[in-house]
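Each chain, written out:
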Amino acid sequence: MADLPSKEDLAAAGVQLDPLRGLESVTQAARDLADSLRRGTIVAGNLAERELSIVIGLAETIRDQTVSEPLLKRARAVPVVRGLRVSSHRALDLGFDALGVSLTLGSGAVDAFLSAPRGAEKVA
């Protein structure tokens, strides 16, 4: 088994031996990673929303070109269809409310954890 380097050898190589500084470096790296993930998630979400909007627009165009307005009005007036449309819109709103609250709380919790004072920061 190879011998481990001594503290003097590590210091001569420029390796920091201060555990609080090492912890702060790890915490800062985690903070940076969380920020990068947040930015990436926002970009991906914006892209997904745009793409979904395009697909929905195309589907609406196809519907408008293949189904007459009077037929569409009659179909939407069917009580079961009307009720399902209202309920599905409410369910979708609830789902996205839950997603938004989860993202907001999760992001805040990660920020609070990563920004909490540690070691020497607590004392100062």
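The shown structure was predicted, so the numbers you read here are calculated from the model rather than taken from an experiment. (Residues numbered from 1 in each chain as written. Predicted model: local features only at pLDDT ≥ 70, side-chain atom pairs only at ≥ 80, totals over all residues. Heavy atoms only, no water.)

J.: Please clarify how the overall build of the protein chain should be interpreted in this entry.
T.: Tallying secondary structure elements over the protein chain gives five helices and zero strands in all. Listing each helix as α and each strand as β along the protein chain from the N terminus yields α-α-α-α-α. Each of the 124 residues in the protein chain was classed as buried or not, and the buried ones make up 5%. (Helix = DSSP H or I, 4+ residues; strand = E, 2+ residues; numbered from the N terminus. Buried < 20%, exposed > 50% of the residue type's maximum accessible area, 1.4 Å probe, protein only.)

J.: Sorry if this is basic, but what is going on with the pattern of salt bridges here?
T.: Charged atoms that come close allow side chains of opposite charge to pair. Taken as a whole and judged by the stated rule, the model has three salt bridges. The shortest N-O distance in the salt bridge between aspartate 64 and arginine 63 comes to 2.9 Å. With relative accessibility at 47%, the residue aspartate 64 sits in the partly exposed group. It is possible to trace a salt-bridge network through shared partners that takes in Asp35, Arg38 and Asp111. (Salt bridge = Lys/Arg side-chain N within 4 Å of Asp/Glu carboxyl O.)

J.: What should I look at first to understand the packing of helix α3 (residues 69-77) against helix α4 (residues 79-115) in this one?
T.: When two helices pack together, their arrangement is captured by the angle between the axes and the distance separating the axes. Contact geometry for α3 and α4: axes closest at 5 Å, N-to-C directions at 80 degrees. With respect to their mutual orientation, α3 and α4 come out roughly perpendicular. When α3 is examined against α4, the residues Ala75, Arg76 and Ala77 are found in contact with a partner set consisting of Pro79, Val81, Arg82 and Arg85. (Axes fitted to C-alpha atoms, helices over the stretch in contact; angles between N-to-C directions. Parallel < 35°, antiparallel > 145°, perpendicular 65-115°, else oblique. Contact = heavy atoms within 4.5 Å.)

J.: Could you clarify how one ought to interpret a nonpolar patch on the surface in this entry?
T.: On the surface, Val78, Val80, Val81 and Leu84 cluster together into a nonpolar patch covering about 340 Å² of accessible area. By the secondary structure assignment, valine 81 is in helix α4. You can call valine 81 partly exposed: its relative accessible area is 35%. (Patch = residues over 30% accessible without salt bridge, like charges linked within 9 Å, V, L, I, M, F, W, Y side chains within 5 Å. Areas by Shrake-Rupley, 256 points an atom, 1.4 Å probe, with all protein chains shown as cover.)

J.: Could you clarify how one ought to interpret the layout of surface pockets in this entry?
T.: It is the rolling of a water-molecule-sized probe over the atoms that shows where space remains empty. Its volume calculated, the largest pocket comes out at about 210 Å³. Lining the largest pocket we find Ala34, Arg38, Thr41, Ile42, Ser102, Leu103, Thr104, Gly106, Ser107 and Val110. Among the elements of the structure, α2 (19-66) and α4 are those that each provide at least two residues to the lining of the largest pocket. The element contributing the most residues to the lining of the largest pocket is α4, with six residues. Tallied by class, residues from the lining of the largest pocket come to four nonpolar, five polar and one charged. (1 Å grid on protein atoms, 1.4 Å probe; cavity = no way out; pocket = protein on both sides within 12 Å on 5 of 7 lines; lining within 4 Å. Points joined across faces, edges and corners; volume = space filled by probe spheres on them. Nonpolar A, V, L, I, M, F, W, Y, C, P; charged D, E, K, R; others polar.)

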